[in-house]
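Here is what each chain is made of, one letter per residue.
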Amino acid sequence: MPQPLRRVRTAVLISGRGSNMAALLEAAADPAYPAEIALVLSNREDAAGLERARAAGVPTAVVESRVFRRDRDAFERAMEAELHGHGIELVALAGFMRVLTEGFVTRWQDRLVNIHPSLLPAFPGLDTHARALAAGVKLHGCTVHLVRPGVDDGPILAQAAVPVLDGDTESELAARVLAQEHRLYPAALAWLASGRVRLEGAATRIAADQAAGALANPLPGHAALRTSGAGL
Ligand code: GAR
């Protein structure tokens, strides 16, 4: 008889809208998905994502970061009380806009994952889409990575790239990236929760059914790249 799947109890940490959280909730609605979203935790009572989580019947908690002001250790201890209280094994940051201390990151090492709206290591930090446009990159995207103490640092689990089109505004580019975030995060979390991720130095190796192939923009067949053309 096949054993029922033991799903990894996962918390999603949010600070705002929660569209990535919603994508994870939707994936985890499938009983065959290896992670169960057992808690949505926000550092802001007014995070719109909390309402979406409640509507989906998922337990929520709020640990207001403002209350703790500069005492990050106390803030994190309060968060960890919630995580332990809900039997959490894995933590997924989804638009959680507080930098975590080295202590917290170390305690959750390899059980703490983040999504960031750029192709890391390019553009860590804030305003990634505006910075990508200003830098003139042709490919932009998002990254899911294991969290290490540096800001937006840690072994990369998966990335998705999108083209940067001539005349893109920041919001057009952000929307194109966000659509990929919603596809990428559920896949990467599933790999982690099902124990398919192996660390090899700073890199990760993922066992089986990874998307094969490469992405490039402009496409190699694009007229602008043909060597028989006039060139630049
Ligand atoms: C997402 O684009 C996420 O990648 C980004 O915040 C947004 C949250 O949106 N995270 C970071 O910038 C973290 N460095 P959401 O609340 O709709 O998921």
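Before reading on, note that the structure itself is shown above.
Residues numbered from 1 in each chain as written. Predicted model: local features only at pLDDT ≥ 70, side-chain atom pairs only at ≥ 80, totals over all residues. Heavy atoms only, no water.

Novice: It is not clear to me how the nonpolar core should be interpreted in this structure. Could you clarify?
Specialist: Soluble globular proteins: nonpolar side chains tend toward being buried together. Grouped together as the largest cluster of nonpolar side chains are 43 residues, with contacts concentrated most on Ile37, Val40 and Leu189. Leave out the neighbours within four places in its chain, and Ile37 touches Thr10, Val12, Leu24, Leu25, Ala28, Val58 and Leu189. Grouped together as the second largest cluster of nonpolar side chains are 20 residues, Leu13, Ala38, Phe96 and Leu100 included. (Core = buried A, V, L, I, M, F, W, Y, C linked by side-chain atoms within 4.5 Å. Buried < 20%, exposed > 50% of the residue type's maximum accessible area, 1.4 Å probe, protein only. Contact = heavy atoms within 4.5 Å.)

Novice: Even after reading the chapter, I still don't get the site of the ligand, so can you show me in this structure?
Specialist: Taken together, Arg17, Gly18, Ser19, Asn20, Gly95, Met97, Ile115, His116, Pro117, Asp152, Leu178 and Glu181 make up all the residues around the ligand. With respect to the ligand, the side chain of Arg17 contributes an N or O atom lying 2.5 Å from an oxygen atom. Within the side chain of Ser19, an N or O atom sits 2.6 Å from an oxygen atom of the ligand. Protein chains shield 87% of the accessible area of the ligand, which is 450 Å² for the free molecule. Judged by its atoms lying within 2 Å of the grid points, the ligand is housed in the largest pocket. Mapped onto the shell around the ligand, the elements with two or more residues apiece are helix H1 (19-28), strand E5 (112-116) and helix H7 (170-193). In terms of residue class, the shell around the ligand is made up of four nonpolar, five polar and three charged. (Near = heavy atom within 4 Å. Polar contact = N/O pair within 3.5 Å; in protein donor to acceptor, adjacent residues only side chain to side chain. Areas by Shrake-Rupley, 256 points an atom, 1.4 Å probe, with all protein chains shown as cover. 1 Å grid on protein atoms, 1.4 Å probe; cavity = no way out; pocket = protein on both sides within 12 Å on 5 of 7 lines; lining within 4 Å. Sits in = over half its atoms within 2 Å of the grid points. Helix = DSSP H or I, 4+ residues; strand = E, 2+ residues; numbered from the N terminus. Nonpolar A, V, L, I, M, F, W, Y, C, P; charged D, E, K, R; others polar.)

Novice: Looking at this model, I keep getting lost on the packing of aromatic side chains. Mind explaining?
Specialist: To describe a pair of aromatic rings, you give the distance between the ring centres and the angle between the ring planes. Scanning the entire structure with this criterion turns up two aromatic pairs. When the ring of Phe68 is compared with that of Phe75, the centres are 5.9 Å apart and the planes differ by 55°; the resulting orientation is tilted. Residue classification places Phe75 among the buried positions, given a relative accessible area of 5%. (Phe/Tyr/Trp six-rings, centres within 6.5 Å; stacked < 30°, edge-to-face > 60°.)

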